[in-house]
2 protein chains.
Amino acid sequence: MNPHVAPVPLNKAYRLLNHGPTVLVSASHGGVRNAMAAAWSCALDFQPPKVTVVLDKATRTRELVEASGFFVLQVPTAAQAVLTHRLGNRSLHQDPEKLSHAGAKLVDIDLPADAGTMAEAGPDAGPDVGPGDAIARAVPLVDGCAAWLVCRVLPEPRNQWIYDLFIGEVVAAWADARVFSDGHWHFESAPPELRTLHYIAGGQFYAIGESIVVPDTPAAG
Amino acid sequence: MNPHVAPVPLNKAYRLLNHGPTVLVSASHGGVRNAMAAAWSCALDFQPPKVTVVLDKATRTRELVEASGFFVLQVPTAAQAVLTHRLGNRSLHQDPEKLSHAGAKLVDIDLPADAGTMAEAGPDAGPDVGPGDAIARAVPLVDGCAAWLVCRVLPEPRNQWIYDLFIGEVVAAWADARVFSDGHWHFESAPPELRTLHYIAGGQFYAIGESIVVPDTPAAG
């Protein structure tokens, strides 16, 4: 990971997703690691921070999320547009070398012992999460992104089955301090290649653009 | 509504939200109309198109959504940043003139008779939707936005109660053809004031930025 990576307080973690960036979803289980792109991810709550993400039943990443009870949302940068598109267009099912073909480097991070509700992980935390191994868990982060949110699945079988919708509680978060610090994005002063990506379709993204600040003044009338 | 508004085919409606814009949520019931801002809204499915939106229990808009079984997501523009912030910061509960104080003009639109699954609206479509009035229903659209998605609530009481999370099926969609046509956004050629807004916190938005197109070429290796 690059030397600019810094922790993000959990009560500010929602801001990493609030502007609607396309994300990469990574997970690992049983020695298999994978990452995919997802445009359909969203903040769900402030504190404890929660997120939603849609994971199609055909994806290998979903299998790893269901088996491990954890996923990582990371916010890729404009410099990673090709990587993001490739991670979104190929499946590990078809291409066992998907990650290297996409140019993605995954780095395992040991979750800190005080990561959110990790220590309280019980029978509903996921199939293979027990009190003994919850603290020592490693999760795979995609190198070079602007931000990372490690999430514990809050199992909602009906949502997962009917809507492919997963809910996660954020238990740890980091960001590249060149573009996110003090609880705010700084796209206007950061290098342009660190701007976030916002996918439409057919290989077309938009980078995030210019800042617009509305003063908190009373409305007329 | 302005003369540039054109229907969006339902199978392309997800693209109106795919890049993660902040939305306005409007609804009406029993002669009361309201609109609020929401950063936490997301596409959920392609066809039939579905969406998610988080509606806090304290909001008057949520009461109108629950009572009517319908809501409209609309995508405000950079020109509407002040309006969007005001609709997000005040409640109709406290300010009965909230809409006019925010500078928001709501226009009632009669849903077309063939609007998605409207004609099939049954007992689960919402408290006051019966076969007789489903077709004639009017919904309030906020004037001046870049796009509109009319949604029928798919009732999921557990999500609504625990997570404040509502799921809707899109039954009609429109966009300002100056900025969205042929199933694609055209921010790069449209007037800059039609760019979408992406909220962070504390009155700060980012407008959507520059286009990045990744060719669909085979990956190296």
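Here, every reference points to the structure presented above.
Bear in mind the structure is a predicted one, so any value in this text is a computation, not a measurement. Per-chain numbering applies: the sequence of each chain, read as written, is numbered from 1 onward. Here chains are named by letter from A upward and ligands by number from 1 upward, in the order in which they appear as written. Only residues with pLDDT of at least 70 are given local features in this predicted model, and only at 80 or more are side-chain atom pairs given and counted; all residues enter the totals for whole chains, interfaces and linings.

### Observations regarding the overall build of chain A
Consideration 1: A run of H or I in DSSP becomes a helix once it reaches four residues, and a run of E becomes a strand once it reaches two; helices and strands are each numbered from the N terminus. Along the backbone of chain A there are four helices and 14 strands.
Consideration 2: When each of the 221 residues of chain A is scored for burial, the buried share is 52%.
Consideration 3: Of all intrachain contacts in chain A linking residues separated by at least 6 positions in sequence, the fraction that spans at least 24 positions is 71%. The burial label depends on the number of other C-beta atoms within 10 Å of a residue's C-beta. Counts of 20 or more mean buried, 12 or fewer mean exposed, and intermediate counts mean partly exposed, with C-beta atoms placed from the backbone. Whether two residues are in contact is decided by their C-beta atoms, placed from the backbone, lying within 7 Å.

### Details of the interface of chain B and chain A
Consideration 1: With 49 residues of chain B at the contact, the number on the chain A side is 50 residues.
Consideration 2: Counting residues per element, the side of chain B that touches chain A draws most heavily on strand β14 (residues 204-213) of chain B, which supplies 10 residues.
Consideration 3: By the convention adopted, Pro, Cys, Tyr, Trp, Phe, Met, Ile, Leu, Val and Ala count as nonpolar, Lys, Arg, Asp and Glu as charged, and the other residues, Gly among them, as polar. Of the residues that constitute the side of chain B that touches chain A, the class distribution is 28 nonpolar, 15 polar and six charged.

### Quick look at the pairing of strand β3 (residues 32-38) of chain B
Residue and element names in this part refer to chain B.
Consideration 1: The buried fraction of β3 is high, at five of seven residues.
Consideration 2: For two strands to pair, DSSP has to find at least two bridges joining them. As paired strands, strand β2 (residues 23-29) and β3 are joined by seven bridges and run antiparallel to one another. When the sheet's bridge partners are listed, S28 is paired in β3 with R33.
Consideration 3: Following β2, the chain reverses through two residues before pairing antiparallel with β3; G30 in that reversal takes a positive phi of roughly 55 degrees.

### Thoughts on the pairing of β14 of chain B
Consideration 1: Looking at chain direction, strand β14 (residues 204-213) of chain A and β14 of chain B are connected through seven bridges and run antiparallel. Among the inter-strand pairings, I208 of chain A is bridged to a residue of β14 of chain B, identified as I208 of chain B.
Consideration 2: Inspection of the sheet shows strand β13 (residues 197-201) of chain B paired to β14 of chain B by four bridges, in the antiparallel sense. Counted as the bridge partner of A201 of chain B is Q204 of chain B from β14 of chain B.
Consideration 3: Counted between consecutive antiparallel strands, the loop separating β13 of chain B from β14 of chain B contains two residues, among which G202 of chain B sits at a positive phi close to 55 degrees.

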